Amino acid sequence: MEAAETPWAHEKSWREVRDYLDSGNDLAILPVGSVEQHGPHMPMGHDALAAHHVAQDAGQRAGVLVYPTLWYGWTNNHMALTGTVTLKPETLTAVVTDIMSSLLYHGFNRVILVNGHRRANLAPLEIAVNQMRQKTGAALAIVDVGIIAFDRIADIRTTPPGGQGHACELEASHALHMYPHLVDMEKATPQNSNPNPEWMTGHHISDPAVDAPRFFYPKTVSEYRAEIGDQGQSGDPTQATPEKGRAFHEAVVERLVGVIEYIKTREVNVHHRTAPFED
C-alpha cells in the first residue's frame, strides 16, 4: 500500500482488499470507541474520534488496513447525562468477535483493536480477544489510547495533581489537535479531583500524579449523576492546548506503530476460520 493511499478498508474495493492479502499483508486495525458525554465543551464522539484518528495515522505510516470505526462501547455510568448511548458489555464482546471472525474468514491472521474509550471498554474487548485467540490461533491484540503512552502524560501536562480525569486537560488537548472546530473552550471549567484522596476507586484512567491506592469500585448511574452534576467532566480542561494534544497524539501513534511491527513478527497458525453465521 503506497504511503499516499488511504488506509481505510471501507474506501477500497473488495479486490483491493484481496490484493492486500495476496501481497502478504495479513494485519488489520479496528478502532473502537464510545458515544458518551464529555462535558459541555467536547463532543460525545470523542472516544471514537480518538481511536479513529490514531488508527488512521498509524495505519498510514505502517501501511496496514484500517476497518471502519465501531462508534459504540460500554459506558453505563455516563448514561447519567443526556445523549449517551451504551451497549451491554456482552453485546460489545459479541460484535467485536463477529468482526474479527469475518476478517479471519477472509484470510487476515492479525488484528489490533484500538480502544479510544480509555480502559472502560477493556473488559469486554479483552474477553473477545482472549477467547478468539484461544479458539483460532490468530495474533490478536488491544492498544488502549489512554494507556499505551501513559508515561508521557507527565511530560505533557501542566495542571497540578487532580487536573487529569474525563474531558480534562489531556482529552481536551487531544480534541483541539484532532478536531478543534468541535471544541468550545469557552464552556470549559476546572473540576479538579481531590489531589489527596484516601482511595482512587474509578476504573477509568486516573491521574498518575495523584498518590493514592487504586481499586475498582463501580458507581451506580445515580451516584455518578450526583458526583458530576451538570458539568460532566473531571479535571481541568481550561489548560488544554493543541500543542499538548499533538504531543500526546504523536506519542500514541508512535507506540501503536511499534505494536504493529511487533505483532507482524509473531508466528501465527490460524486453525479456525469460520464466519459468524457458521458457528
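Residues numbered from 1 in each chain as written. Predicted model: local features only at pLDDT ≥ 70, side-chain atom pairs only at ≥ 80, totals over all residues. Heavy atoms only, no water.

Participant: Please explain the environment of L27 as it appears in this structure.
Facilitator: Inspection of the secondary structure puts L27 in strand 1 (residues 27-32). For L27 and K264, which are 237 residues apart along the polypeptide, the C-alpha to C-alpha distance reads 7.5 Å. Look past the residues within four positions of L27 in its chain and what remains in contact with it is Y20, V64, L65, F108, R110, I112, I260, I263 and K264. (Helix = DSSP H or I, 4+ residues; strand = E, 2+ residues; numbered from the N terminus. Contact = heavy atoms within 4.5 Å.)

Participant: Even after reading the chapter, I still don't get the pattern of salt bridges, so can you show me in this structure?
Facilitator: Close approach of charged atoms lets side chains of opposite charge pair. Enumeration over the complete set of coordinates arrives at 11 salt bridges. Here K264 and E261 are joined by a salt bridge, their closest N and O atoms 3.8 Å apart. Taken together, the residues K264 and E261, both in helix 8 (residues 242-265) and 3 residues apart, mark about one turn of the helix. (Salt bridge = Lys/Arg side-chain N within 4 Å of Asp/Glu carboxyl O.)

Participant: Explain the packing of helix 2 (residues 46-62) against helix 8 to me, please; I cannot follow it from the model alone.
Facilitator: Two elements in contact, helix 2 and helix 8, have axes separated by 9 Å at closest approach and are oriented at 55°. What the angle tells us is that helix 2 and helix 8 run oblique. Regarding helix 2 and helix 8, the two cross each other, and that crossing is right-handed. Across from H53, V54, A55, D57, A58, R61 and A62 in helix 2, the residues of helix 8 making contact are H249, E250, V252, V253, L256, V257, I260, E261 and K264. When its residues are assigned to classes, the contact of helix 2 with helix 8 shows 9 nonpolar, 2 polar and 5 charged. (Axes fitted to C-alpha atoms, helices over the stretch in contact; angles between N-to-C directions. Parallel < 35°, antiparallel > 145°, perpendicular 65-115°, else oblique. Left-handed = near helix turned anticlockwise from the far one by under 90°. Nonpolar A, V, L, I, M, F, W, Y, C, P; charged D, E, K, R; others polar.)

Participant: Can you help me understand unusual backbone geometry in this one?
Facilitator: Negative phi characterises most residues that are not glycine, and trans characterises most peptide bonds. Residue R118 is not a glycine yet carries a positive backbone phi of 45°. In this structure, R118 sits in the loop between strand 3 (110-115) and helix 4 (122-136). For R118, a relative accessible area of 10% corresponds to the buried category. A positive phi angle, near 75°, is found at R119, a position not held by glycine. The residue R119 is located in the loop between strand 3 and helix 4 in this model. (Buried < 20%, exposed > 50% of the residue type's maximum accessible area, 1.4 Å probe, protein only.)

Participant: Can you help me understand the packing of aromatic side chains in this one?
Facilitator: Each aromatic ring pair is described using two quantities: the centre-to-centre distance and the angle formed by the ring planes. Enumeration according to the criterion identifies 4 aromatic pairs in this entry. With a centroid separation of 6.2 Å and 40° between ring planes, the pair formed by Y20 and F108 is classed as tilted. One end of the pair, Y20, is in helix 1 (residues 14-22); the other, F108, is in the loop between helix 3 (89-106) and strand 3, with 88 residues separating them in the sequence. No difference in accessibility class separates Y20 from F108, as the two residues are buried. Residues W199 and F215 carry aromatic rings whose centres are separated by 5.5 Å and whose planes lie at 90° to one another, so their mutual orientation is edge-to-face. Separated by 16 residues along the polypeptide, W199 in the loop between helix 6 (169-178) and helix 7 (221-228) and F215 in the loop between helix 6 and helix 7 bring together distant segments of the chain. Judged by its relative accessible area of 37%, F215 falls in the partly exposed class. Pairwise contacts between aromatic rings join Y20, Y67 and F108 into one cluster. For R119, the ring lying beneath its charged end belongs to F150, and the centroid distance is 5.6 Å. (Phe/Tyr/Trp six-rings, centres within 6.5 Å; stacked < 30°, edge-to-face > 60°. Lys NZ or Arg CZ within 6 Å of the ring centre and 35° of its normal.)

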